[in-house]
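If you want the building blocks of each chain, they are given just below.
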Number of protein chains: 2
Amino acid sequence: PEVTIEEEQMVASAATILARRGVAMSAGDPDRRLDMLVSSQIELRSAWTTIESRCIEWAGLLLPTLDLDAKRDLIPSVIASSESLQVAASDLGTDPPPHPPGVEEWCAMKESAERCIGIAKSLELSEQAIRSLAANYLPTLSKLVGPLGAAKLCVLAGGRERLARMPSGSIQVLGAHAAMAAHRRGAPPPKHGSVIFSMPQVSRSPRWVRGKIARFLAGKASIASRIDHFDGTPWSDDEIAEIHKKSEEIRSRFPSPPRRK
Amino acid sequence: PEVTIEEEQMVASAATILARRGVAMSAGDPDRRLDMLVSSQIELRSAWTTIESRCIEWAGLLLPTLDLDAKRDLIPSVIASSESLQVAASDLGTDPPPHPPGVEEWCAMKESAERCIGIAKSLELSEQAIRSLAANYLPTLSKLVGPLGAAKLCVLAGGRERLARMPSGSIQVLGAHAAMAAHRRGAPPPKHGSVIFSMPQVSRSPRWVRGKIARFLAGKASIASRIDHFDGTPWSDDEIAEIHKKSEEIRSRFPSPPRRK
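Residues numbered from 1 in each chain as written. Chains lettered and ligands numbered in written order. Predicted model: local features only at pLDDT ≥ 70, side-chain atom pairs only at ≥ 80, totals over all residues. Heavy atoms only, no water.

Let's talk about the overall build of chain A
Next up, step 1: Broken down by element type, chain A carries 15 helices and zero strands.
Next up, step 2: Taken over the C-alpha trace, chain A has a radius of gyration of 26 Å; the compact-globule value for 261 residues is 18 Å, which it surpasses by more than 25%.
Next up, step 3: If one aligns the C-alpha atoms of chain A with their principal axes, the spans along those axes are about 80 × 80 × 40 Å.
Next up, step 4: The buried share among the 261 residues of chain A stands at 43%.
Next up, step 5: Charge separation in chain A, taken as the distance between the mean sites of 34 positive and 31 negative side-chain charges, equals 14 Å. (Helix = DSSP H or I, 4+ residues; strand = E, 2+ residues; numbered from the N terminus. Rg over C-alpha atoms; globule rule 2.2 N^0.38 Å. Buried < 20%, exposed > 50% of the residue type's maximum accessible area, 1.4 Å probe, protein only. Lys, Arg positive; Asp, Glu negative; His and termini not counted. Charge placed at Lys NZ, Arg CZ, Asp CG, Glu CD.)

This is the structure we're talking about:
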């Protein structure tokens, strides 16, 4: 039977409604919201690093007697709040600029310092947002590796469900893309990804036990993400303390580097 | 003869004074100041691109009925100035968010939109500064290729003196790093770098004359940079108009594409 124009229109509008509902549902998906927050955080941090070093280098060019290492943290805020580079120089306790910049040049410099401070503020706020979303969405994993680490693991895995279904060996190396690529070309496998490494139990341990502790913690992180995804009872502080104690036991079991074979 | 401690100290302090004077001199070097401005501009623009697209994508996730293409330019400023996402949605003429964000999430989103606008403002100011510095430092070249193009050529060449001593064929391909690298591996040579291409005489001409016009203009740019560096008399507007007329003559001499051999 022929399709009437009315029927065609009905099908078209139904498709639009269904598609819209799909988009609207995805807004409720905490995985995508966490991804937005964490990606925005990463992008802001990379912008901050670039703009901050430019700001310091610029100050160093125009104020040659300024001690860039000692005053690094002060420079952007002093430049952003000063009326001229001469004032900024005296606030920073250094000689006035031998070749002061023109008005427009000074404005560009000051604006870039303001940008630098503004981004630092944004970073703080987005970190707060990530912490609170992660503590809600991944309560056990947040207790184990910290809310920021939990958020990163979840985003790197591509969502909470994929994280919960991931073997712990994959969790162990999440964030070690480059090392895994090298491994595929024959290099030894990485001992840990960036998230597991950032845990003090791993990064503050001697080299030769890092891999062992990372493997242990990745196993625990794997269980934690399953508890979070499949609505288990979150771990208590005692259970977390128990895990931290065990990772210290591993460390004390290998006090000296292994002999070279 | 032995060197006394006093003499040693004198030599040391003399070295420090000379080194300081060197640093102070470099602050007076317009090449380095232009490099600071142009590099900062490039870094700010790349930060802006990333943060702006994140901001649009974020709005699209939480406001699924929003038309992202039509409202793209409005989204960051409306979000930055609204009190909540609900208000922003109604200001943007779209449905309220089906899953409104939490307080912290909204703050992070709003901050990121503010960052986006702030960087756009910085970009404008740094462009002004580049224009005024370039018009002073490279008057003839600025007239020929515009102050921003002149500044970019100068920074890409590594300073005004190096630009003035550069063969015009090199000026023609300044900014075409990738194409030049491919040329070294056997690809045909690039017809123009990014700066010469950005001149409307080149980019708005048909493909088959672009290389010819780029070569002609690069030759003129080479002369212009020599005039600027070796204190020649800057070109008058008539001389510039003459050059533009000639490049149009080249275009009209090749109205149709060449036959394939």
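Examining the environment of Gly-193 of chain B
All names here are of chain B.
Next up, step 1: With respect to the helices, strands and loops of the structure, Gly-193 is situated in the loop between helix 10 (177–184) and helix 11 (194–197).
Next up, step 2: On a C-alpha basis, the gap between Gly-193 and Val-173 in space is 3.9 Å, while along the polypeptide they are 20 residues apart.
Next up, step 3: The residues contacting Gly-193, other than those within four sequence positions of it, are Gln-172, Val-173, Leu-174, Gly-175 and Ala-176. (Contact = heavy atoms within 4.5 Å.)

Describing a negative patch on the surface
All names here are of chain A.
Next up, step 1: The grouping of Asp-238, Glu-239, Glu-242, Glu-248 and Glu-249 at the surface amounts to a negative patch.
Next up, step 2: Along the chain, the position of Glu-242 falls in helix 15 (residues 237–253).
Next up, step 3: We classify Glu-242 as partly exposed; its relative accessible area is 43%. (Patch = residues over 30% accessible without salt bridge, like charges linked within 9 Å, V, L, I, M, F, W, Y side chains within 5 Å. Areas by Shrake-Rupley, 256 points an atom, 1.4 Å probe, with all protein chains shown as cover. Salt bridge = Lys/Arg side-chain N within 4 Å of Asp/Glu carboxyl O.)

Focus: the layout of surface pockets
Next up, step 1: In this structure, the largest pocket encloses a volume near 310 Å³.
Next up, step 2: Around the largest pocket, the lining residues are Lys-191, His-192, Arg-207, Trp-208, Arg-210, Lys-212, Phe-254, Ser-256, Pro-258 and Arg-260 of chain B. (1 Å grid on protein atoms, 1.4 Å probe; cavity = no way out; pocket = protein on both sides within 12 Å on 5 of 7 lines; lining within 4 Å. Points joined across faces, edges and corners; volume = space filled by probe spheres on them.)

Some thoughts on the pattern of salt bridges
Next up, step 1: Tallying each qualifying case throughout the model produces 18 salt bridges over all chains.
Next up, step 2: The partner of Arg-72 of chain A in a salt bridge is Glu-52 of chain A, with the nearest N and O atoms 2.9 Å apart. Placement of the pair is Arg-72 of chain A in the loop between helix 3 (68–71) and helix 4 (75–81) and Glu-52 of chain A in helix 2 (residues 30–62), with a sequence separation of 20 residues.
Next up, step 3: Owing to a relative accessible area of 32%, Arg-72 of chain A belongs among the partly exposed residues under this scheme.
Next up, step 4: We note a salt bridge from Glu-105 of chain A to Arg-33 of chain B, for which the minimum N-O separation is 2.9 Å. One end of the pair, Glu-105 of chain A, is in helix 6 (residues 103–137); the other, Arg-33 of chain B, is in helix 2 (residues 30–62), on a second chain. By the burial criterion, Glu-105 of chain A is buried, and Arg-33 of chain B matches it.
Next up, step 5: Within the structure, one salt-bridge network assembled from shared partners comprises Glu-43 of chain A together with Arg-54 and Glu-57 of chain B.

What to know about the relation of the copies chain A and chain B
Next up, step 1: Screw-axis analysis of chain A against chain B gives a translation of 0.0 Å along the axis, an RMSD of 0.1 Å, and a rotation angle of 180 degrees. Taken together, the rotation and translation describe the operation of a two-fold axis. No C-alpha of chain A lies nearer the rotation axis than that of Ala-47 of chain A, which sits 2.7 Å from it.
Next up, step 2: Looking at chain A, 100% of its interface residues are interface residues in chain B too, so the copies touch through the same face. (Least-squares fit on C-alpha atoms with pLDDT ≥ 70 in both.)

Regarding the interface of chain A and chain B
Next up, step 1: Listed as interface residues are 46 residues of chain A and, on the opposing side, 46 residues of chain B.
Next up, step 2: When chain A packs against chain B, close to 4,000 Å² is buried across both sides, 67% of that on carbon and sulfur atoms.
Next up, step 3: One salt bridge in this structure joins Arg-54 of chain A and Glu-43 of chain B, with 2.8 Å as the shortest N-O distance.
Next up, step 4: Remark: the boundary between chain A and chain B carries 18 residue pairs in polar contact (both at pLDDT 80 or more).
Next up, step 5: Looking at the side of chain A that touches chain B, the elements with two or more residues in it are helix 1 (5–27), helix 2 and helix 6 of chain A.
Next up, step 6: A breakdown of the residues in the side of chain A that touches chain B according to their chemical character gives 21 nonpolar, 14 polar and eleven charged. (Buried area = accessible area lost by both parts, 1.4 Å probe. Polar contact = N/O pair within 3.5 Å; in protein donor to acceptor, adjacent residues only side chain to side chain. Nonpolar A, V, L, I, M, F, W, Y, C, P; charged D, E, K, R; others polar.)

Concerning helix 2 of chain A
Next up, step 1: A rise of 1.5 Å per residue sets the reference length of helix 2 of chain A, with its 33 residues, at 48 Å; its end C-alpha atoms lie 47 Å apart and thus fit the reference within 8%.
Next up, step 2: A distance of 3.0 Å separates the backbone nitrogen of Asp-31 of chain A from a side-chain oxygen at the start of helix 2 of chain A, and that oxygen is part of Asp-29 of chain A. (Expected span 1.5 Å × (residues − 1).)

Digging into the domain arrangement of chain A
Residues and elements named next belong to chain A.
Next up, step 1: Assigned domains within chain A: domain 1 (1–137) and domain 2 (139–261).
Next up, step 2: Using C-alpha coordinates to define each centre, domain 1 is positioned 30 Å away from domain 2.
Next up, step 3: Taken together, the contact between domain 1 and domain 2 spans eleven residues of the former and eleven residues of the latter.
Next up, step 4: Counting across the interface, domain 1 meets domain 2 through zero salt bridges.
Next up, step 5: Seen at the junction of domain 1 and domain 2, the total is three residue pairs in polar contact (both at pLDDT 80 or more).
Next up, step 6: Secondary structure elements with two or more residues in the side of domain 1 that touches domain 2: helix 2 and helix 6.
Next up, step 7: It is helix 6 that provides the largest number of residues to the side of domain 1 that touches domain 2, a total of seven residues. (Domains from an automatic or database assignment.)

A short note on the side chain of Glu-105 of chain A
Next up, step 1: Glu-105 of chain A gets classed as buried once you look at its relative accessible area, which sits at 6%.
Next up, step 2: For Glu-105 of chain A, the residues in contact, after removing those within four places along its chain, are Trp-58 of chain A together with Arg-33, Leu-37 and Ala-129 of chain B.

Side note on the side chain of Arg-115 of chain A
Next up, step 1: Looking at where Arg-115 of chain A falls in the secondary structure, it is placed in helix 6.
Next up, step 2: Here Gly-118 of chain B takes part through its backbone oxygen, which lies 3.1 Å from a polar atom of the side chain of Arg-115 of chain A.
Next up, step 3: Residues in contact with Arg-115 of chain A, not counting those within four places in the same chain, are Ile-51 of chain A together with Leu-44, Arg-115, Gly-118, Ile-119 and Ser-122 of chain B.

Remarks on unusual backbone geometry
Next up, step 1: Its identity as a non-glycine residue notwithstanding, Asp-231 of chain A has a phi of 55 degrees, on the positive side.
Next up, step 2: Its location among the elements puts Asp-231 of chain A in the loop between helix 14 (207–229) and helix 15.

Points about the packing of helix 6 of chain A against helix 8 (residues 147–157) of chain A
All names here are of chain A.
Next up, step 1: Taken N-terminus to C-terminus, the directions of helix 6 and helix 8 make an angle of 75 degrees; their axes are 8 Å apart at the nearest point. One finds that helix 6 runs roughly perpendicular with respect to helix 8. Here helix 6 contributes Glu-127, Ile-130, Arg-131, Ala-134 and Tyr-137 to the contact with helix 8, which in turn contributes Pro-147, Leu-148, Ala-151 and Cys-154.
Next up, step 2: Its residues assigned to classes, the contact of helix 6 with helix 8 comprises seven nonpolar, no polar and two charged. (Axes fitted to C-alpha atoms, helices over the stretch in contact; angles between N-to-C directions. Parallel < 35°, antiparallel > 145°, perpendicular 65-115°, else oblique.)

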